[in-house]
Amino acid sequence: MMSEPEPALGAVLPADSRYLNNVDDIVRCLKQLRDRRSNLSMRIDKMEEIYQCKLLDVGEGSFLIEDVQPRSGIAAIQQSKQLSLSARAEGMFVFIEKTKLLKIDAERGIPFFELKLPSSILSQQRRRAARFRLPLRVSASGAHISFFGEEEISGRIIDISAGGCRAEFDLPAPWPVKNDDSFDNCAITIPKLLELHSQAVIRHFHENKHSQKLVCGIELTKMHVTDRRRLEHFIQTISRTTESD
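Please read all numbers here as calculations on a predicted model, not as lab measurements.

Q: Tell me about the sheet that holds strand S8 (residues 110–116), and name the residues and values.
A: In any sheet, the strands associate via hydrogen bonds between backbone groups, in a parallel or an antiparallel arrangement. Judged by pairing direction, the sheet is antiparallel, and its nine strands sit side by side in the order S1-S9-S6-S5-S2-S3-S4-S8-S7 without closing on themselves. Each end of this open sheet is capped by a strand with a single partner; those strands are strand S1 (18–20) and strand S7 (101–107). Adjacent strand axes in the sheet meet at a mean angle of 30 degrees when their direction is disregarded. Across the sheet, helix H1 (residues 23–35) is in contact with S1, strand S3 (50–58), strand S4 (62–69), strand S5 (83–89), strand S6 (92–99) and strand S9 (121–124); its angle to S3 comes to roughly 110 degrees. Docked against the sheet, helix H4 (residues 225–239) engages S3, S4, S7 and S8, running at close to 110 degrees with respect to S3.

Q: I'd like a description of H1, backed by residues and values.
A: Between its first and last C-alpha, H1 extends 18 Å over 13 residues, near the 18 Å set by a 1.5 Å rise per residue. Among all positions of H1, only Ile26, Val27, Cys29, Leu30, Lys31, Gln32, Leu33, Arg34 and Asp35 are buried. Between a side-chain oxygen at the N-terminus of H1 and the backbone nitrogen of Asp24 the separation is 2.9 Å; the capping residue is Asn22. Once H1 finishes, Arg37 follows within two positions and takes phi at roughly 55 degrees, a positive value.

Q: Which residues make up the side chain of Thr189, and what values do they have?
A: When you line up the elements, Thr189 lands in strand S14 (residues 182–190). Judged by its relative accessible area of 19%, Thr189 is buried. Beyond its immediate chain neighbours, meaning those up to four positions away, Thr189 contacts Gly142, Ala143, His144, Leu194 and Glu195.

Q: Summarise the nonpolar core; cite the residues concerned and give the values.
A: Counting residues in each nonpolar core, the largest one holds 31 residues, and the members touching the most others are Leu134, Ile145, Phe147, Ile160, Phe169, Ile188 and Ile218. Of all the elements in the fold, those that place two or more residues in this core are strand S11 (144–148), strand S12 (152–161), strand S13 (164–169), S14, strand S15 (194–208), strand S16 (213–222) and H4. What Leu134 contacts, discounting residues up to four positions off in sequence, is Ser139, Ala143, Ile157, Ile158, Asp159, Ile160, Ile190, Phe234 and Ile238. In this structure, Leu55, Ile74, Val94 and Leu117 belong to the second largest nonpolar core, which totals 29 residues.

Q: Account for a positive patch on the surface, with residues named and values stated.
A: Among the surface-exposed residues, Lys46, Lys98, Lys100 and Lys116 lie close enough to one another that they form a single positively charged patch. On the accessibility criterion, Lys46 (61% relative accessible area) is exposed.

Q: Summarise the packing of aromatic side chains; cite the residues concerned and give the values.
A: Under the criterion given, the structure shown has two aromatic pairs. Geometrically, the ring pair formed by Phe147 and Phe169 is stacked, given 5.9 Å between the ring centres and 25 degrees between the ring planes. A residue pair is termed long-range when its members are at least 10 positions apart, and Phe147 in strand S11 and Phe169 in strand S13 qualify at 22 residues. Just as Phe147 is buried, Phe169 falls in that class too. Residues Phe147 and Phe183 carry aromatic rings whose centres are separated by 4.3 Å and whose planes lie at 25 degrees to one another, so their mutual orientation is stacked. Taken together, the positions of Phe147 in strand S11 and Phe183 in strand S14 put the pair 36 residues apart, joining distant regions of the chain. Note on Phe183: relative accessible area 16%, which makes it buried. Taken together, the aromatic side chains of Phe147, Phe169 and Phe183 make up a single cluster linked through ring pairs.

Q: How would you explain the pattern of salt bridges if you had to name every residue and give the values?
A: Side chains that differ in sign of charge can pair as their charged atoms come close. Enumeration over the complete set of coordinates arrives at 16 salt bridges. Residues participating in the shared-partner salt-bridge network are Lys31, Asp180, Arg203 and Glu219.

Quick notes on the rules
Residues numbered from 1 in each chain as written. Predicted model: local features only at pLDDT ≥ 70, side-chain atom pairs only at ≥ 80, totals over all residues. Heavy atoms only, no water. Pairing = 2+ DSSP bridges. Helix = DSSP H or I, 4+ residues; strand = E, 2+ residues; numbered from the N terminus. Axes fitted to C-alpha atoms, helices over the stretch in contact; angles between N-to-C directions. Contact = heavy atoms within 4.5 Å. Expected span 1.5 Å × (residues − 1). Buried < 20%, exposed > 50% of the residue type's maximum accessible area, 1.4 Å probe, protein only. Polar contact = N/O pair within 3.5 Å; in protein donor to acceptor, adjacent residues only side chain to side chain. Core = buried A, V, L, I, M, F, W, Y, C linked by side-chain atoms within 4.5 Å. Patch = residues over 30% accessible without salt bridge, like charges linked within 9 Å, V, L, I, M, F, W, Y side chains within 5 Å. Areas by Shrake-Rupley, 256 points an atom, 1.4 Å probe, with all protein chains shown as cover. Salt bridge = Lys/Arg side-chain N within 4 Å of Asp/Glu carboxyl O. Lys, Arg positive; Asp, Glu negative; His and termini not counted. Charge placed at Lys NZ, Arg CZ, Asp CG, Glu CD. Phe/Tyr/Trp six-rings, centres within 6.5 Å; stacked < 30°, edge-to-face > 60°.

Listed below in structure tokens is the structure:
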């Protein structure tokens, strides 16, 4: 049985907390932390000092952290045998009791660290990631998402989060997409502000009866670290100027 989180990490067990042991549930939970742009508290080999870092992305069997503070933590991670992390964000609490470093990499000279996906985490969740409606001046510039397959399908982006977006498509019925359709390559383009490529999945869709257009909820499932950082920076920028849904 796992021990309770250590007080030094600020991990006090809420009454409705539970342990997640299923890989899909763990990945989903960590992606929510990613989408909330959460800061994590990290302890290395049960040392007293607590470091801060950010969760950059979640992959198959691992997750990425970056921006370790203070910087002395970078050398400590390289020598570590065991890491523990916790995070609180927008009614959400997560505690990872044990993980380990898999490798260190860098993109454009900025380091990031790949950690092993834990087999179990403590989790309390209340909210989804905030979505931000694009400001009119941004939307009017031609913000769109395109799927590349047998034919290219493009739609206007309505709102966006660190994990996906909602977009409106001018498509004839019957609709050429359905729930859980996946695309190996899609592109988000917001002129002069953001351009990135990602894998994507259609999570839900409905017809806008007023405009007779198809509105899709899209999850951005996998992208290069460079594109992930571009998206995170863009979300941080618009979050300062618009209210979440």
